[in-house]
Amino acid sequence: MLDLSGDIPVAKIIDFGYARSFHQPSKTYNKEGLNLNYVASECFNNFYSPQSDLFSVGAVMYHLLFGMPPWFRDVSRFKADRFKAEDVIIEERKKPISFPKVSDEIVDFDGSILKVLKKALQNDPENRFQSANEFIQALNGEIEIEDVDTVKKVKSDDKEATKITTQKAKGKGFDAIAGLDELKKEMKRSVIDVLQNPEKAERYGAKLPNGMVLYGPPGCGKTFFAKHFAEEVGFNFMLATPSTLKSKYINATQENIAKMFDEAEKNAPTIIFIDEINELIPNRDSDSHEMAKSAVNEMLAQMDRTGEKGIFVIGATNYPDMIDPAMLRSGRLEKKFYLPPPDFKLRKALFEMSLNTRKKVLDFGIDYERLSNLTEDFVSSDIEAIVNEATSIAMAEDSRITMRLLENVINSFEPFSKEELKKYQKIKEKNDREDDRPKNKQPGIGFKIN
């Protein structure tokens, strides 16, 4: 890291406090203390990818060659307003990048490095190197890089937006999900029966719900559950993520959201499933960027009377408390369901389902009930990882997948933190109290009295 606080840049080795793996939620990414001149533009809008890091590497290389970062702006006066600093840098990056002449100062300067830097520092992540290995190969001269200025490029905001496909939900529905009986029963009573019988619901004066939120610890199968929910209802199914909807360009995110709802209405009845929905509609009272706040406003507008349009929205999140409260009120994502770590019945079924695909190398006498007992508070993805790890070890040793091997692998895994589970339980209790609270100003579920 270059410390630019003095007149002379000083190189410092820092710890991994700023590091994050790409599967982690964006809230774990920390920009505080970083020099924004080295940060990729999409990061300002809470969108990250490996290409974001490659931009930063390119920015450091540019500084080493030319003595300052690319598109350098002194934003020290905006310390109290980080969003203003980001806007200034984004505006500067709309200009073509310049390369001061250094060929006379650097012995044997290779001009091809400029092509490499141009590609690494593209504002559109899709036009950068797609992997660190490709970047290294270009630096080593193993692959030839075309000058991006001479190659016709189509800007991201001119492209057709990433298409969110609509598919007909066909399958076993809830019959494919073992366990979670109470949750399935509650969803059938309060959501599915109303969605499947709109005429009956209207006769009884029952309100058609617009959407719901599935929340709980990561790895508990929220996406899996949502797909089978769509099968149970018999609606078309659209899967969206923040990365398919969010854009670094002004108004593009709102346009993507509007297109998604238009597509859903054309193919109604449709279930829209938005994973990690807290990334798309964060609390507007937090330090979210203005572009994020605009996305929340667009979602609020689109959620108006979706039930009447044949659209039902499901949001999944590990952080329900980070969603803008307006989205959780009546008429929007009003139903909230907690998806806990799998219970005994579901853990047993997950082991059976996963291990039965490996029958040819599976030892006799696998005790599925014991496996389920040993994995209390483990999430669904943990069980999948345990079976995969046991399979990998057995394959390396050219042996069968035995009960003992599975037990040893389970012992190397940690269950989900009980403290974290308590936090989710408190959120559930709070939501249950709010759902039980009388809503005098809202149309009730029951008979209409004229």
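The shown structure was predicted, so the numbers you read here are calculated from the model rather than taken from an experiment.

Draft legend 1. Geometry of the overall build of the protein. A tally of helices and strands in the protein yields 16 helices and 8 strands. Considering the protein as a whole, with its 450 residues, one finds that 43% of them fall into the buried category. Considering only intrachain contacts with a sequence separation of at least 6, the fraction spanning at least 24 residues in the protein is 76%. Total accessible area on the protein stands at roughly 25,300 Å², and carbon and sulfur atoms take up 50% of it.

Draft legend 2. Structural detail: the packing of aromatic side chains. On inspection of all chains with the given rule, the structure shows 10 aromatic pairs. Taking 5.8 Å as the distance between ring centres and 50 degrees as the angle between the ring planes, the aromatic pair formed by tyrosine 62 and phenylalanine 99 counts as tilted. Here the residue tyrosine 62 occupies a position in helix α1 (residues 50-66), and phenylalanine 99 occupies one in the loop between α2 (82-92) and α3 (112-120), the gap between them amounting to 37 residues. Ring centres 5.6 Å apart and planes at 35 degrees place the aromatic pair tyrosine 215 and tyrosine 338 in the tilted group. In this pair, tyrosine 215 is assigned in strand β4 (residues 211-215) and tyrosine 338 in strand β8 (residues 335-338), connecting sequence segments 123 residues apart. Exposure remark for tyrosine 215: the relative accessible area of 1% places this residue in the buried category. Members of the aromatic cluster, each reached through a chain of ring pairs, are Phe174, Phe225, Phe229 and Phe312. When the ring centre of phenylalanine 129 is taken as origin, the NZ or CZ atom of lysine 119, which lies over that ring, is 5.7 Å away.

Draft legend 3. Focus on the pattern of salt bridges. Summed over all chains, the structure comprises 12 salt bridges. The closest approach of N and O atoms between lysine 184 and aspartate 181, which form a salt bridge, is 3.8 Å. Of the two residues, lysine 184 and aspartate 181 both sit in helix α5 (residues 181-196), 3 residues apart, roughly one turn of that helix. A salt bridge links lysine 348 to glutamate 369; the nearest nitrogen and oxygen atoms lie 3.8 Å apart. Placement of lysine 348 in helix α12 (residues 344-356) and of glutamate 369 in helix α13 (residues 368-374) is noted, with a sequence separation of 21 residues between them. A relative accessible area of 45% places glutamate 369 in the partly exposed class.

Draft legend 4. Expanded view of unusual backbone geometry. In this structure, proline 269 follows alanine 268 across a cis peptide bond, with omega equal to 5 degrees. Along the chain, proline 269 falls in the loop between α9 (252-266) and β6 (270-274). One non-glycine residue, tryptophan 71, lies in the positive phi region at around 50 degrees. Look at aspartate 398: it is not a glycine, yet its phi comes out positive at around 55 degrees.

Draft legend 5. Structural context of the nonpolar core. Among the nonpolar cores identified, the biggest contains 44 residues, and Phe225, Phe229, Ile271, Ile314, Phe351, Leu355 and Leu371 are the most heavily contacted of them. The residues touching phenylalanine 351, leaving out its near neighbours within four places in the chain, are Asn356, Tyr368, Leu371, Ser372, Thr375, Ile383, Ile386, Val387 and Ile410. Judged by nonpolar contacts, the second largest core, of 31 residues, contains Ala240, Ile257, Met327 and Tyr424.

Draft legend 6. Molecular detail of the packing of α1 against helix α4 (residues 132-139). With their axes 10 Å apart at the nearest point, α1 and α4 run at an angle of 30 degrees to one another. With respect to their mutual orientation, α1 and α4 come out roughly parallel. Taken as a pair, α1 and α4 cross one another with a handedness that is right-handed. Touching Leu54, Val57, Gly58 and Met61 of α1 are Ala132, Phe135 and Leu139, all from α4. Residues that form the contact of α1 with α4 fall into these classes: 6 nonpolar, 1 polar and no charged.

Draft legend 7. Molecular detail of the confidence of the model for the protein. Of the residues in the protein, 82% have a pLDDT of 70 or more, and the chain-wide mean is 80. Confidence scores differ between elements of the protein, with strand β3 (residues 166-168) showing the lowest mean pLDDT of 63 and α13 the highest of 96. Contacts of residues 22-28 to residues separated by more than four positions or lying in other chains number 14 contacts, the stretch itself having pLDDT below 50. Predicted confidence for residues 439-450 stays below pLDDT 50, and this span has 14 contacts to residues more than four positions away or in other chains.

Draft legend 8. α5, seen in detail. Taking 1.5 Å of rise per residue, the 16 residues of α5 would be expected to cover 22 Å, yet its terminal C-alpha atoms sit only 20 Å apart, more than 12% below that figure. Of all the bends found along α5, the most pronounced is centred on lysine 188 and spans about 50 degrees. Those residues of α5 that fall on the buried side of the exposure criterion are Leu183, Lys184, Met187, Ser190, Val191, Ile192, Val194 and Leu195. The inward-facing, buried residues of α5 abut α6 (198-204), β4, α7 (222-233), β7 (311-317) and β8.

Draft legend 9. Structural context of the packing of α5 against α7. Here α5 crosses α7 at 45 degrees, and the two axes come no closer than 11 Å. Here α7 runs oblique to α5, going by the angle between their axes. Considering how the two elements wind past one another, α5 and α7 form a crossing that is right-handed. For the pair formed by α5 and α7, the contact residues are Leu183, Lys184, Met187, Val191, Ile192, Leu195 and Gln196 on the first element and Phe225, Phe229, Glu232 and Val233 on the second.

What counts, and where the lines are drawn
Residues numbered from 1 in each chain as written. Predicted model: local features only at pLDDT ≥ 70, side-chain atom pairs only at ≥ 80, totals over all residues. Heavy atoms only, no water. Helix = DSSP H or I, 4+ residues; strand = E, 2+ residues; numbered from the N terminus. Buried < 20%, exposed > 50% of the residue type's maximum accessible area, 1.4 Å probe, protein only. Contact = heavy atoms within 4.5 Å. Areas by Shrake-Rupley, 256 points an atom, 1.4 Å probe, with all protein chains shown as cover. Phe/Tyr/Trp six-rings, centres within 6.5 Å; stacked < 30°, edge-to-face > 60°. Lys NZ or Arg CZ within 6 Å of the ring centre and 35° of its normal. Salt bridge = Lys/Arg side-chain N within 4 Å of Asp/Glu carboxyl O. Core = buried A, V, L, I, M, F, W, Y, C linked by side-chain atoms within 4.5 Å. Axes fitted to C-alpha atoms, helices over the stretch in contact; angles between N-to-C directions. Parallel < 35°, antiparallel > 145°, perpendicular 65-115°, else oblique. Left-handed = near helix turned anticlockwise from the far one by under 90°. Nonpolar A, V, L, I, M, F, W, Y, C, P; charged D, E, K, R; others polar. pLDDT = per-residue confidence, 0-100. Expected span 1.5 Å × (residues − 1). Bend = angle between axes of the 7 residues up to and from the residue.

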